[in-house]
Amino acid sequence: AQSVTQPDIHITVSEGASLELRCNYSYGATPYLFWYVQSPGQGLQLLLKYFSGDTLVQGIKGFEAEFKRSQSSFNLRKPSVHWSDAAEYFCAVGYMNRDDKIIFGKGTRLHILP
Amino acid sequence: DAGITQSPRYKITETGRQVTLMCHQTWSHSYMFWYRQDLGHGLRLIYYSAAADITDKGEVPDGYVVSRSKTENFPLTLESATRSQTSVYFCASCWTGRNEQFFGPGTRLTVL
């Protein structure tokens, strides 16, 4: 079965430090990928998405992600985190030529130290 | 107001009762989805709908019923609630299955 793995359940970084959240997906010929963010008590908001083309995609709030087909990864990065980035982050994947569902990872909760 | 709304936002019910969670979107999106969010499980798809009168099962459909008679509404019914259905439920919608999904604010359901 298709799956998405976010290896880190919790990550803690200091404010101003760089961030990388990992996401690996099970192999699929033509994946399309998303990163969503969920603030406490809120629904999910799209940060960025990759469908095709440039493998480095820019998103909102200063986030970017890089699609690496050889590693089946789509890691999320930010050069300098802010206290307001504390939230839960979900990676999701879908596959062209399959059904229209996407599969979510279990999430990574980001904590920011002042 | 434009967007996607869910009602109620909070619900407490008892085991065995029927509960319906409502989802309404104003964009005329073709696709709508129901997810449940539980600690340690992330989001799991319950049911989805590609258009009015077309629904399909997701990963965890047992104990749930959906209908979609109108494009803008996608109610989720728990026919006989169980404690294991205590969760936060999110509705989402999008133009096609491969587009960004827009999420509602969620319904926190507690089954006693």
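Predicted model, so just to flag it, every value in this text is computed and none were measured. (Residues numbered from 1 in each chain as written. Chains lettered and ligands numbered in written order. Predicted model: local features only at pLDDT ≥ 70, side-chain atom pairs only at ≥ 80, totals over all residues. Heavy atoms only, no water.)

Draft legend 1. The overall build of chain A, seen in detail. A count of helical and extended segments in chain A gives zero helices and twelve strands. A compact globule built from 114 residues would reach a C-alpha radius of gyration of about 13 Å, and chain A, at 14 Å, matches this within 12%. Overall, chain A is about 45 × 30 × 20 Å in size when its C-alpha atoms are taken along their principal axes. Split into buried and exposed, the 114 residues of chain A put 48% on the buried side. Restricting to contacts in chain A with at least 6 residues of sequence separation, those with at least 24 account for 56%. In the form shown here, chain A has an accessible surface area of approximately 5,500 Å², with 50% of it arising from carbon and sulfur atoms. (Helix = DSSP H or I, 4+ residues; strand = E, 2+ residues; numbered from the N terminus. Rg over C-alpha atoms; globule rule 2.2 N^0.38 Å. Buried < 20%, exposed > 50% of the residue type's maximum accessible area, 1.4 Å probe, protein only. Contact = heavy atoms within 4.5 Å. Areas by Shrake-Rupley, 256 points an atom, 1.4 Å probe, with all protein chains shown as cover.)

Draft legend 2. Inspection of the nonpolar core at higher detail. Residues and elements named next belong to chain A. Counting residues in hydrophobic clusters, the biggest one holds 27 residues, and the most contacted among them are L19, W35, L47, L48, F74, L76 and Y89. For this core, the secondary-structure elements that each account for two or more residues are β2 (10-14), β3 (19-21), β5 (31-38), β6 (44-50), β8 (64-68), β9 (73-78), β10 (87-95) and β12 (108-113). The biggest single contributor to this core is β10, with five residues. (Core = buried A, V, L, I, M, F, W, Y, C linked by side-chain atoms within 4.5 Å.)

Draft legend 3. Spotlight on the pattern of salt bridges. Residues and elements named next belong to chain A. All told, the structure shown has eight salt bridges over all chains when counted by the stated rule. Between R22 and D8 there is a salt bridge; the shortest N-O distance is 3.0 Å. Remark: D8 occurs in the loop between β1 (4-5) and β2 and R22 occurs in the loop between β3 and β4 (24-25); sequence separation between them is 14 residues. Note on R22: relative accessible area 38%, which makes it partly exposed. Linked through salt bridges whose partners overlap, the residues forming this network are E64, E66 and R77. (Salt bridge = Lys/Arg side-chain N within 4 Å of Asp/Glu carboxyl O.)

Draft legend 4. Region of interest: the sheet that holds strand β7 (residues 64-66) of chain B. Residues and elements named next belong to chain B. Pairing within the open sheet is antiparallel, and its four strands lie in the order β1-β3-β8-β7. The open sheet is flanked by β1 (4-7) and β7, the only strands paired with a single partner. Sheet twist, expressed as the average angle between the axes of neighbouring strands with direction ignored, equals 20°. Relative to strand β8 (residues 76-78), β7 is paired through three bridges, and the arrangement is antiparallel. Along β8, the bridge assignment pairs Y64 with L78. (Pairing = 2+ DSSP bridges. Axes fitted to C-alpha atoms, helices over the stretch in contact; angles between N-to-C directions.)

Draft legend 5. Examining the interface of chain B and chain A more closely. Taken together, the contact pairs 21 residues of chain B with 23 residues of chain A. The contact between chain B and chain A buries some 1,700 Å² in all, and 54% of this surface belongs to carbon and sulfur atoms. Viewed at the interface, chain A and chain B are joined by zero salt bridges. Our count for the contact surface shared by chain B and chain A stands at two residue pairs in polar contact (both at pLDDT 80 or more). Only β4 (31-38) and β5 (42-51) of chain B provide two or more residues apiece to the side of chain B that touches chain A. (Buried area = accessible area lost by both parts, 1.4 Å probe. Polar contact = N/O pair within 3.5 Å; in protein donor to acceptor, adjacent residues only side chain to side chain.)

Draft legend 6. Examining the packing of aromatic side chains more closely. Summed over the entire model, instances satisfying the criterion amount to 18 aromatic pairs over all chains. Ring centres of A:Y25 and A:F67 lie 6.2 Å apart, and the angle between their planes is 25°; this geometry places the pair in the stacked category. One end of the pair, A:Y25, is in strand β4; the other, A:F67, is in strand β8, with 42 residues separating them in the sequence. Neither residue differs from the other here; A:Y25 and A:F67 are each classed as buried. When the centroid spacing of 5.0 Å and the interplanar angle of 45° are considered together, the rings of B:W27 and B:F102 count as tilted. (Phe/Tyr/Trp six-rings, centres within 6.5 Å; stacked < 30°, edge-to-face > 60°.)

Draft legend 7. Structural detail: the state of the cysteines. Under the counting rule described, the total for this entry stands at two disulfides over all chains. Paired through a disulfide, A:C23 and A:C91 show a sulfur-sulfur distance of 2.0 Å. When the S-S torsion is -65°, as for the bridge of A:C23 with A:C91, the disulfide is left-handed. In this pair, A:C23 sits in the loop between β3 and β4 while A:C91 sits in strand β10, placing the two residues 68 residues apart along the sequence. The residues A:C23 and A:C91 share a single accessibility class, namely buried. Between the sulfur of B:C23 and that of B:C91 lies a disulfide, 1.8 Å long from S to S. Disulfide B:C23-B:C91: the torsion about the S-S bond is -75°, which places it as left-handed. Note that B:C23 is positioned in strand β3 (residues 19-25) and B:C91 in strand β9 (residues 87-94), a separation of 68 residues in sequence. (Disulfide = S-S within 2.5 Å.)

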